[in-house]
Amino acid sequence: MDRRDFLRLSLAGSAMWLGAPFIGAAARETQEPRFLLQVVFPGGLDWSYLFDARPLEMTKRGLIQNYVNQEPAPWGPENGLKTWASPLTNPIRPYQNYFSIVNGVMMTPNFDGHLQNLNYLLAGNPFGGPFFISGLNLDKRPLDCVHTGGFGVDVPQLSDLGGTIPLDTKSVNALSAAIRSVPAIQSDDKLVGFWARRLSAIALEGPGVFSNGSRAMATALSKAPELMRLMKSVNPQLATGEDELGFLPVLAEFFRKGIAQTGLVVFSKLDTRIDVHAAEAAVKQPALYAEIAQKIASVFKFLRETPYDQGRSILDVTTVVITSEFGRTLRQVRRPIDFTGTDHNNLCNTVLIGGRGIRSGLVLGASDFQSPDETLSPAHLQIDAGKMKFIGRPFDFAASAIKEGYAPAAFSPRDYIGAASVINTVYEAFGVDRVKYWPVEKDGPAAPVLKGILKG
């Protein structure tokens, strides 16, 4: 591959992804390091197989499927609020002081499709919009975000992707190795100068697909030399295996080298096993969730044991968010409880959050329908008359506690922890201007921050 070929390919591959200017390595070294890792298990996790579990009495009464057939145990955090955890969480318990659990997280209450809730999780809008990392107060690096690929369903309708690029373990190794044999792109090169002038001219022609694309390509061209220089310093043998966990060493290297500030790891290969509707597949859930628990444990183990510098681990400088686009129903209609799958529960989710800026070892929020004899609130019955789902308990954001005994007469998203509050909590940890905070509902005020899990 000669320099012309490399330039052609890099422009084609980078134009739609690379957006913002970058700062030099010397300037980065003077700033407090901060990174974000978001881990997504697409398909809709049945969190009751891990956290927010329910007693076997509910299965005996025909309310919720439970193929583990063991009683959950309390997960006892420092702040006194407990969640019930399945025995399948045993691999995670050694790392329980590295993250906090947020239960009862409301997703978009009006849609229960994968695409709409993935859009809401990543953009704050079920119909898509700017990727939430575009709102972060990022240090400008050649890449804003790297991710492991697709979601196993239609790609979420994200815009304003900035410097976001998909890389799998094979492509990282190949790119890092190949780029070492390519001559560096020089800003005074005649070909580079010609392309830069042409792209700048087209970008000035006015709004439109070609001008916008040319503007993005011109930015990519200006950032290519620095990105190329940094990529040459990446060990081409870092990425190991086909599993998404093999991408973590690459991500850590990208953080340390100043290539990217955020990463998105998507366990898309599990989505068809997670999104279980058929009873025949549901009976295999214990083995699947034992595997998922091990993956979650492996994420925290890697982050804790991998150094960022001489005094800090990657976890010390990285905010970590682990979740899915929604949870699952208790059971399915007209199926015996010992032979039933589950459907989508957009009204309740669980989020694990830890690392930089986050108080770990806590539980925030809870869900209802924890016993067979519980009286559900009128608000719950308004949006789930068939009692197929559990939803979050109303939450007091000022006190960082559930509202004990409060049963709202009508449903309002403002009574519950929502995905927008989780994202705004991340924004708060990154020092983002509040004008960028996500609203609690359409045309509503900014969703309140979960101050109970923020340090400082």
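Rules and cut-offs
Residues numbered from 1 in each chain as written. Predicted model: local features only at pLDDT ≥ 70, side-chain atom pairs only at ≥ 80, totals over all residues. Heavy atoms only, no water. Salt bridge = Lys/Arg side-chain N within 4 Å of Asp/Glu carboxyl O. Helix = DSSP H or I, 4+ residues; strand = E, 2+ residues; numbered from the N terminus. Buried < 20%, exposed > 50% of the residue type's maximum accessible area, 1.4 Å probe, protein only. Polar contact = N/O pair within 3.5 Å; in protein donor to acceptor, adjacent residues only side chain to side chain. Contact = heavy atoms within 4.5 Å. 1 Å grid on protein atoms, 1.4 Å probe; cavity = no way out; pocket = protein on both sides within 12 Å on 5 of 7 lines; lining within 4 Å. Points joined across faces, edges and corners; volume = space filled by probe spheres on them. Nonpolar A, V, L, I, M, F, W, Y, C, P; charged D, E, K, R; others polar. Expected span 1.5 Å × (residues − 1). pLDDT = per-residue confidence, 0-100. Phe/Tyr/Trp six-rings, centres within 6.5 Å; stacked < 30°, edge-to-face > 60°. Pairing = 2+ DSSP bridges. Axes fitted to C-alpha atoms, helices over the stretch in contact; angles between N-to-C directions.

Peer 1: What is the right way to look at the pattern of salt bridges in this model?
Peer 2: In a structure, side chains of opposite charge can pair up when their charged atoms sit close to one another. Scanning the entire structure with this criterion turns up 18 salt bridges. When the shortest N-O distance is used, the salt bridge between Arg256 and Glu253 registers 3.2 Å. On the criterion of helical spacing, the pair formed by Arg256 and Glu253 is a turn pair, its members being three residues apart in helix 8 (residues 248-257). A residue is classified by how much of its surface remains accessible, and Glu253, at 9% relative accessible area, is buried. The partner of Glu305 in a salt bridge is Lys301, and the shortest N-O contact between them spans 3.0 Å. One end of the pair, Glu305, and the other, Lys301, are both in helix 11 (residues 285-305), four residues apart, so they sit about a helical turn from each other. We classify Lys301 as partly exposed; its relative accessible area is 35%. Sharing partners across several salt bridges, the network here consists of Glu32, Asp309 and Arg312.

Peer 1: In this structure, what is going on with the side chain of Thr318? I would like to understand it.
Peer 2: Within the element layout of this structure, Thr318 appears in strand 10 (residues 318-323). Within the structure, the side chain of Thr318 is placed 2.8 Å from the backbone oxygen of Ile314, a separation counted as a polar contact. Among all residues touching Thr318, those that are not within four sequence positions of it are Phe35, Leu36, Leu37, Phe255, Gly354, Gly355 and Arg356.

Peer 1: How should the side chain of Ser48 be read in this particular structure?
Peer 2: On the secondary structure map, Ser48 appears in the loop between strand 1 (35-40) and helix 3 (56-60). A distance of 2.5 Å separates a polar atom in the side chain of Ser48 from a polar atom in the side chain of Asp46. Those residues within four positions of Ser48 in sequence are excluded, and the remaining contacts are Ala53, Ile64 and Ser86.

Peer 1: Just to check I follow, could you spell out empty space enclosed by the protein for this structure?
Peer 2: A water-sized probe rolled over the atoms picks out the places where empty space is left. Scanning the entire structure with this criterion turns up four cavities of 30 Å³ or more. When its volume is computed, the largest cavity comes out at roughly 110 Å³. Around the largest cavity, the lining comprises 13 residues; the ones closest to its centre are Ser48, Tyr49, Ala53, Arg54 and Asn66. Residues that form the lining of the largest cavity fall into these classes: six nonpolar, five polar and two charged.

Peer 1: Any chance you could explain helix 6 (residues 190-203) here in plain terms?
Peer 2: Since the α-helix advances by 3.6 residues per turn, residues separated by three or four positions end up pointing in the same direction. Here helix 6 spans 20 Å end to end across 14 residues, near enough to the 20 Å set by a 1.5 Å rise per residue. Taken together, the buried positions of helix 6 are occupied by Leu191, Val192, Gly193, Leu199 and Ala203.

Peer 1: Got a minute to help me understand the environment of Lys60 in this structure?
Peer 2: The residue Lys60 is located in helix 3 in this model. By relative accessible area, Lys60 is classed as exposed at 65%.

Peer 1: Would you mind going over the confidence of the model for the protein chain with me for this structure?
Peer 2: When pLDDT is low, close inspection of the predicted coordinates is not appropriate. For the protein chain, per-residue confidence averages 86 on the pLDDT scale, and residues scoring 70 or more make up 89% of the total. Residue range residues 1-30 is modelled with pLDDT below 50. Its contacts to residues more than four positions away, or to other chains, number 66 contacts.

Peer 1: I keep staring at the packing of aromatic side chains and nothing clicks. Help me out?
Peer 2: What characterises a pair of aromatic rings is the spacing of the ring centres plus the angle enclosed by the ring planes. Considering all chains together, one arrives at 15 aromatic pairs under this definition. Taken together, a centroid distance of 4.7 Å and an interplanar angle of 5° make the contact between Phe41 and Phe267 stacked. In this pair, Phe41 is assigned in the loop between strand 1 and helix 3 and Phe267 in the loop between strand 9 (262-266) and helix 9 (271-274), connecting sequence segments 226 residues apart. With a centroid separation of 4.8 Å and 85° between ring planes, the pair formed by Phe51 and Trp75 is classed as edge-to-face. One end of the pair, Phe51, is in the loop between strand 1 and helix 3; the other, Trp75, is in strand 2 (residues 73-75), with 24 residues separating them in the sequence. Overall, the relative accessible area of 0% leaves Phe51 in the buried class.

Peer 1: Even after reading the chapter, I still don't get the environment of Gly386, so can you show me in this structure?
Peer 2: Within the secondary structure layout, Gly386 lies in the loop between helix 13 (378-383) and strand 15 (395-396). A relative accessible area of 48% places Gly386 in the partly exposed class.

Peer 1: Sorry if this is basic, but what is going on with the sheet that holds strand 4 (residues 99-105) here?
Peer 2: By way of backbone hydrogen bonds, the strands of a sheet pair with one another, either parallel or antiparallel. Strand order in this open sheet of eight strands is 8-6-9-1-10-13-4-14, and the pairing throughout is mixed. Both outer strands of the open sheet, strand 8 (164-166) and strand 14 (363-364), are each paired with one neighbouring strand and no more. Across five bridges, the pairing between strand 4 and strand 13 (residues 349-355) is antiparallel. For Val102, the partnering residue across the bridge sits in strand 13 and is Val351. Packing against the sheet, helix 8 makes contact with strand 1, strand 6 (145-147), strand 9 and strand 10, and its axis sits at approximately 170° to strand 9.

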